[in-house]
Each structure stands twice: as structure tokens, then as C-alpha cells.
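Descriptive structure summary
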Amino acid sequence: MEHLNQPHSMGTTIIGVTYNGGVVLGADSRTSTGVYVANRASDKITQLTDNVYLCRSGSAADSQVLSDYVRYYLHQHTIQLGQPATVKVAANLVRLISYNNKNMLQTGLIVGGWDKYEGGKIYGVPLGGTILEQPFAIGGSGSSYLYGFFDQEWKEGMTKDEAEKLVVKAVSLAIARDGASGGVVRTVTINSEGVTKNFYPGDTLPLWHEELEPHNSLLDILSSSSPEPMVS
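About the cut-offs
- The written sequence of each chain sets the order in which its residues are numbered from 1.
- Selection of residues for local features in this predicted model requires a pLDDT of at least 70, selection of side-chain atom pairs for listing and counting requires 80 or more, and totals for whole chains, interfaces and linings are taken over all residues.
- Hydrogen atoms and water are omitted, and side-chain values are computed over all heavy atoms in the structure.
- Runs of H or I in DSSP of at least four residues are treated as helices and runs of E of at least two as strands, each being numbered from the N terminus.
- The buried label goes to any residue with under 20% of its type's maximum accessible area, the exposed label to any with over 50%, and the partly exposed label to all in between, with areas taken from a 1.4 Å probe on protein chains only.
- With residues, only the protein chains shown are counted as cover, and all accessible areas are computed by Shrake-Rupley using a 1.4 Å probe.
- When a carboxyl oxygen of Asp or Glu lies within 4 Å of a side-chain nitrogen of Lys or Arg, that pair is called a salt bridge.
- Here the nonpolar core consists of buried residues drawn from Ala, Val, Leu, Ile, Met, Phe, Trp, Tyr and Cys, with membership extended through side-chain atoms lying within 4.5 Å.
- Working rule for contacts: check all heavy atoms of both residues, and any pair within 4.5 Å makes them a contact.
- Helix axes are fitted only over the stretch in contact, all axes being lines through C-alpha atoms; the angle between N-to-C directions runs from 0 to 180 degrees.
- With respect to orientation, any angle under 35 degrees is reported as roughly parallel, any angle over 145 as roughly antiparallel, any angle of 65 to 115 as roughly perpendicular, and every other angle as oblique.
- Each crossing gets its handedness from the near helix: less than a right angle anticlockwise from the far helix is left-handed, clockwise is right-handed.
- Here, a strand pair is defined by DSSP locating no fewer than two bridges between the strands.
- Stacked, tilted and edge-to-face pairs are distinguished by plane angle, under 30 degrees for stacked and over 60 for edge-to-face with tilted covering the rest, among Phe, Tyr and Trp rings (Trp via its six-membered ring) whose centres lie within 6.5 Å.

What follows deals with the overall build of the protein. Helices and strands together make up the secondary structure of the protein, namely five helices and twelve strands. Across the 232 residues of the protein, 42% fall into the buried class. Of the accessible surface of the protein, which amounts to about 13300 Å², a share of 52% is contributed by carbon and sulfur atoms.

A full pass over the atoms with the stated rule returns five salt bridges. Note that Lys44 is salt-bridged to Asp28, the shortest N-O span being 2.9 Å. Placement of Lys44 in the loop between β4 (36-39) and β5 (45-47) and of Asp28 in the loop between β2 (22-27) and β3 (31-33) is noted, with a sequence separation of 16 residues between them. As far as burial versus exposure is concerned, Lys44 and Asp28 are alike and both buried.

A separate point is the nonpolar core. Ranked by size, the top nonpolar core spans 22 residues in total, and within it Ile15, Val17, Leu146, Phe150, Trp154, Met158 and Leu166 carry the most contacts. Sorting the residues of this core by element identifies β1 (14-19), β10 (136-139), α3 (147-153) and α4 (160-177) as the ones contributing at least two each. The contact partners of Phe150, leaving out residues within four places of it in the chain, are Ile15, Val17, Phe136, Ile138, Leu166 and Ala170. One finds Ala85, Leu105, Leu109 and Val111 within the second-largest nonpolar core, a separate group that totals 18 residues.

One can describe the packing of helix α1 (residues 60-81) onto helix α2 (residues 87-100) by two numbers: an axis separation of 10 Å at closest approach and a directional angle of 135°. Taken together, the axes of α1 and α2 lie oblique to each other. The way α1 lies across α2 gives a crossing that is right-handed. In contact with Leu66, Tyr69, Val70, Tyr73, Leu74 and His77 of α1, α2 contributes Val89, Ala90, Leu93, Val94, Ile97 and Ser98.

Let's shift gears to the sheet that holds strand β6 (residues 52-58). Whenever strands of a sheet pair, they do so through backbone hydrogen bonds, lying parallel or antiparallel. The strand order β5-β6-β7-β8-β9 describes an open sheet built from five strands, whose pairing is antiparallel. The sheet terminates laterally at β5 and β9 (132-133), the two strands that pair on one side only. Bridge count between strand β8 (residues 119-125) and β9: two bridges; the pairing is antiparallel. The residue of β9 that forms the bridge with Tyr123 is Glu133. Lying on the sheet, α2 is in contact with β6, β7 (107-115) and β8; it crosses β7 at an angle near 165°.

Next up on the list: the packing of aromatic side chains. Two numbers describe a pair of aromatic rings. These are the distance of the centres and the angle of the planes. Evaluation of the coordinates by the stated rule reveals five aromatic pairs. Judged by centre distance (5.7 Å) and plane angle (45°), the rings of Phe136 and Trp154 are tilted. One end of the pair, Phe136, is in strand β10; the other, Trp154, is in the loop between α3 and α4, and 18 residues separate them in sequence. Under the relative-accessibility criterion, Trp154 is labelled buried at 16%.

The element β1 is largely enclosed, with a buried count of six among its six residues. Of the two faces of β1, the one carrying Ile14, Gly16 and Thr18 and the one carrying Ile15, Val17 and Tyr19 are both buried. The pairing of β1 with β2 spans six bridges and is classified as antiparallel. Paired with Gly16 across the bridge in β2 is Leu25. In this structure, the hairpin formed by β1 and β2 is closed by a connection of two residues, where Gly21 is found at a positive phi of approximately 130°. Strand direction decides the pairing type here: β1 and β10, joined by four bridges, are antiparallel. Residue pairing for β10: Val17 is matched across the bridge by Phe136.

Along the chain, Thr159 turns up in the loop between α3 and α4. Sequence separation between Thr159 and Tyr19 is 140 residues, and the spatial gap between their C-alpha atoms is 6.0 Å.

Okay, here's the thing in C-alpha cells:
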């Protein structure tokens, strides 16, 4: 029973990419507690304002309560100023709360959005409360497999479609290698026209080296077939 009291590994893959006109955020959907998948279809991309979203990794509880606080403060900020908060303001608020509670929080975050002053921006706020403005940011356990891939594939001035395809490909690569990442891929695109959300089911993602083809589970097979009548 001692293993029940050990720290649990909490893996994920989160990505933020800038392109010519906005940003694309992406994440897998697996919430794990050690080797147990607690939720296979969670949404790790949380809305902070109409134009700013947050990718969450690490402890789900810590990142959820932090995003709730930031959303509340940004709402107050918007009322006082009479206009939406900028991406930089939202990211600095995330950084402030993360840093002031760094001994109690176990979460790494990516803030992405678009505003009329600076356009599309990505900020990484890793464990401890540092803030880094970056053209792209990756986080979570799956990010270990993606640094070389992004060094080669990311380029300045990408189109929206190119950025979307890059994010989906990167998350699917992380899912193939990282046991703590999995499920579906969700993306959020933010630009001057608004927000677009996309959903990519796990069985539509590209397969990589030695990955197995998806098959229906026994439950799917049983539910689709009608039971045969009993004959005496």
C-alpha cells in the first residue's frame, strides 16, 4: 500500500505557436494519475478572456484554480479599463500568481492570445513562475520528445493552416512516444477575427513508428451487436 502515498506523475503535452496573424494552441486530452488514466477526454485549453487562452500542464487541480483566479482578476481589470486585457497583462498575472505560490503549485502553463496592440503572442510560464515570451512554446512530459522537431519545423511567417498542421502533428508525435499523453487533440486558433476551436479524434491522427492501428474495444463491439435470443 506504500505506493498509494507516493507522488503521482502527471503527464501531458501542451503547445503554443505564433503564425502570421495570430496564434494556435494545442493539447492532448489525457489526465493521468501515475499509471491510471483518470480522464481520457479532458480539455486542457482554458479560456481566460475573449482573446486570451491558457494551456495547462502538471497538477490539474493547481492549474484549474490558478486559471479561475486569473479569469476573475482579468474580468475586474476589463470592467475598470473598459476594454479587453492584453495578452501581456494576462501572462504577467499568471506569472505573478505562479511565482508568489511557487512552493505550493505544481503546474507549467502557456498563455496565448491576440490583441490589437501587439497581435498574436505566446508566453511560457514554467514551474516556478518565470515568464518567457517565445515564438513557440511547448510543455508537459510530451515536450521532451518535441524540441528537436520544433527546431527543424517551425519557421517565421507561417500561415494559419501551416501552424495548425504543425501543432496537430507535434501533439500526435508526443502521444506516440509519451505514455502520459494520449486521447484526442484539441486546438484553439486566436486572431483578429476571433477564436476557432478544432477537435481531432484519436483514430484520425497520423500513426508513427511501431504504433498499432486503432481497433474497437470489446465494449464497442458488444454494444453494436444485439444479443441472440436464448433457445431452450
